[in-house]
Amino acid sequence: KFWGWEMKQREDSLMDGGDQFDNLEKHTQWGIDILEKYIKFVKERTEIELSYAKQLRVLCVHFCRYTACKAFLSTLNEMNDYAGQHEVISENMTSNITVELARYVQELKQERKSYFHDGRKAQQHIEICWKQLESSKRRFERDCKEADRAQQYFEKMDADINVTKADVEKARQQAQARHQMAEDSKADYSSILQKFNHEQHEYYHTHIPNIFQKIQEMEERRIVRIGESMKTYAEVDRQVIPIIGKCLDEIVKAAESIDQKNDSQLVIEAYKSGFEPPGDVEFEDYTQPMKRTVSDNSLSNSRGEGKPELKFGGKSKGKLWPFIKKNKGATPEDFSNLPPEQRRKKLQQKVDELNKEIQKEMDQRDAITKMKDVYLKNPQMGDPASLDHKLTEVSQNIEKLRLEAQKFEAWLAEVEGRLPARSEQARRQSGMFDAQNPATVNNCAQDRESPDGSYTEDQSQEGEVKVLATDFDDEFDEEEPLPAIGTCKALYTFEGQNEGTISVVEGETLYVIEEDKGDGWTRIRRNEDEEGYVPTSYVEVYLDKNAKGAKTYI
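Residues numbered from 1 in each chain as written. Predicted model: local features only at pLDDT ≥ 70, side-chain atom pairs only at ≥ 80, totals over all residues. Heavy atoms only, no water.

## Regarding the sheet that holds strand S4 (residues 530-535)
Logical step 1: Spatially, S4-S3-S2-S1-S5 is the arrangement adopted by the five strands of the open sheet, whose pairing is antiparallel. Whereas interior strands pair on both sides, the edge strands pair on one side only; in this sheet they are S4 and strand S5 (539-543). Mean inter-strand twist for the sheet, computed between neighbouring axes without regard to direction, equals 40 degrees.
Logical step 2: Direction of pairing for strand S1 (residues 486-490) relative to strand S2 (residues 509-514): antiparallel, over a ladder of four bridges. Following the sheet pairing, Cys488 is matched in S2 by Leu510. (Pairing = 2+ DSSP bridges. Helix = DSSP H or I, 4+ residues; strand = E, 2+ residues; numbered from the N terminus. Axes fitted to C-alpha atoms, helices over the stretch in contact; angles between N-to-C directions.)

Here it is as structure tokens:
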């Protein structure tokens, strides 16, 4: 009974060692799970930072030239830098935390696996030794019992007078054999017991403590590592705080640079027409004979004193500048429908565009010429004659563009020669036109005057008179709506709060009427009365090359 109790106690001890390994395995696996969760957390933070930076950059759309808009542009630039700092946060967290911890977790798993493998191996070894001890113990017990029975049988046979001497000798030899087997089992059991006690001592005092110590050190390194990663997490944010603060300071500085007076002056310079204000309209006394008197200061009057007032076509509504609206139709090539100052700006812009195109064609011609020289020196690279057609075509394009530029430069020089100086307040707009073609104006005025002093409605005379006063800023134009050149789909919701913009909702489909000219804005139309500009990055454009004059509205 005592032996059975002792063996049971030893079995429980071995099982307890196995349970400790199970507990440690669960705990270390929990530690690795915590690391992986932290890695996932940092990874999601980096994705949020990248997404936030991307959304900030979407807001950075450049437009306008007034101080308020320049301040806003500076704000957008600073926000662009601000977004860049969030990208830096994402990059640093990825490289310094996510990547490093992911590599460390893999190393930790391998190390943990090796420790538990050694522990399981030692546990299996001691269990095998224990089973060998149990087996030898049972064999020794069995042999002892067999020897006792053989001895008792021998003694019984030896006491029986009826048993032959040969049977007694045989029983004696069998009893001796059994005793010898018991002695051998005893020696074997003793040897195995000594070996087990040694292995058990090594197991509980050397192998297991060493393995547990290594697991403990591994777990402590894991705890230290996650603490260091949390410090790095905070430092990554702390490093960009000064730069973000500088960005915010620049935004405040940009806001303080707004100059409302300067903006107002820019508006004046942008929209001034170059016209002098019209004079007073004189009283027309209809109680006198039916003859209208005309104010010498009327906007549409020629400079000749006593000359009758001109009417602006048969469909004139009698409105005075600046409320006179120009006739519908295509814009003249020389922009003669615009006021002088606006016309000068348009012509200058056209001249600059043509000069850029000429320079581009000249660069292309130089490149073709160099290539032709290379072909002449190295015929195996290509046929020089194959470039002649292209060279001729480019030269013709340059000549056409130069003629076009000369035409616009002539118009520009004409306009600049007619524009009044800044200090001349007395020159009239009528005088500007008379300097161009006074005879035409006088003749037309005389031809259109009826005998009673009124004006005829002869439509054939409309084309002979060009009065700049009838054409004012584009704000008062009544032009035909531009045809749709394609469609677009809104990728994001845009609140069009500025003048000239239009609000769109994510997923909405609209018509494109003007492509992005390089300023980051696309002109779109929702219906006949709703059109405006949206940032190009907010929409996905599908151009229809066949849609030349379509007027279909959503």
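## Notes on the environment of Val415
Logical step 1: Here Val415 is to be found in helix H6 (residues 388-418).
Logical step 2: In this structure Val415 comes out as buried when scored by relative accessible area, which is 1%.
Logical step 3: Sequence separation between Val415 and Glu341 is 74 residues; the distance between their C-alpha atoms is 8.4 Å. (Buried < 20%, exposed > 50% of the residue type's maximum accessible area, 1.4 Å probe, protein only.)

## Some points on the nonpolar core
Logical step 1: Counting 38 residues, the largest nonpolar core has Leu35, Tyr38, Met93 and Ile97 as the members making the most contacts within it.
Logical step 2: Ranked by residues supplied to this core, first place goes to helix H2 (residues 67-159) with 17 residues.
Logical step 3: Among all residues touching Met93, those that are not within four sequence positions of it are Val42, Arg45, Thr46, Thr98, Tyr233, Val236 and Asp237.
Logical step 4: Core analysis: the next-biggest nonpolar cluster, separate from the first, contains 13 residues, Val58, Ile502, Trp521 and Tyr538 among them. (Core = buried A, V, L, I, M, F, W, Y, C linked by side-chain atoms within 4.5 Å. Contact = heavy atoms within 4.5 Å.)

## Re helix H3 (residues 165-256)
Logical step 1: With 92 residues, H3 extends 133 Å from end C-alpha to end C-alpha; this agrees with the ideal 136 Å at 1.5 Å per step.
Logical step 2: Taken as a whole, H3 carries its principal kink of about 45 degrees at Tyr203. (Expected span 1.5 Å × (residues − 1). Bend = angle between axes of the 7 residues up to and from the residue.)

## Quick word on the packing of aromatic side chains
Logical step 1: The final tally for this structure, using the stated rule, is nine aromatic pairs.
Logical step 2: Ring geometry for Tyr492 versus Tyr538: centroids 5.6 Å apart, planes at 75 degrees, classification edge-to-face. Of this pair, Tyr492 sits in the loop between S1 and S2 while Tyr538 sits in the loop between S4 and S5, and the two are 46 residues apart along the sequence.
Logical step 3: Considering the side-chain rings of Phe494 and Tyr538, the 5.5 Å spacing of their centres and the 70 degrees angle between planes classify their relative orientation as edge-to-face. Note that Phe494 is positioned in the loop between S1 and S2 and Tyr538 in the loop between S4 and S5, a separation of 44 residues in sequence.
Logical step 4: A residue is classified by how much of its surface remains accessible, and Tyr538, at 9% relative accessible area, is buried.
Logical step 5: In this structure an aromatic cluster arises from ring pairing among Tyr492, Phe494, Trp521 and Tyr538.
Logical step 6: Seen from the ring of Tyr104, Arg225 lies directly overhead, with NZ or CZ sitting 4.6 Å from the centre. (Phe/Tyr/Trp six-rings, centres within 6.5 Å; stacked < 30°, edge-to-face > 60°. Lys NZ or Arg CZ within 6 Å of the ring centre and 35° of its normal.)

## Observations regarding the pattern of salt bridges
Logical step 1: Evaluation of the coordinates by the stated rule reveals 24 salt bridges.
Logical step 2: Two residues, Glu111 and Arg221, come together in a salt bridge whose shortest N-O distance is 2.4 Å. Of this pair, Glu111 sits in helix H2 while Arg221 sits in helix H3, placing them 110 residues apart in sequence.
Logical step 3: Between Arg523 and Glu514 there is a salt bridge, and its shortest N-O distance comes to 3.5 Å. (Salt bridge = Lys/Arg side-chain N within 4 Å of Asp/Glu carboxyl O.)

## What to know about the environment of Cys247
Logical step 1: Along the polypeptide, Cys247 turns up in helix H3.
Logical step 2: Overall, Cys247 belongs to the buried group, its relative accessible area being 4%.
Logical step 3: Taking the C-alpha atoms as reference points, Cys247 and Tyr82, separated by 165 residues in sequence, lie 6.5 Å from one another.
Logical step 4: Once you skip the residues sitting within four places of it in the chain, Cys247 turns out to touch Glu78, Asp81 and Tyr82.

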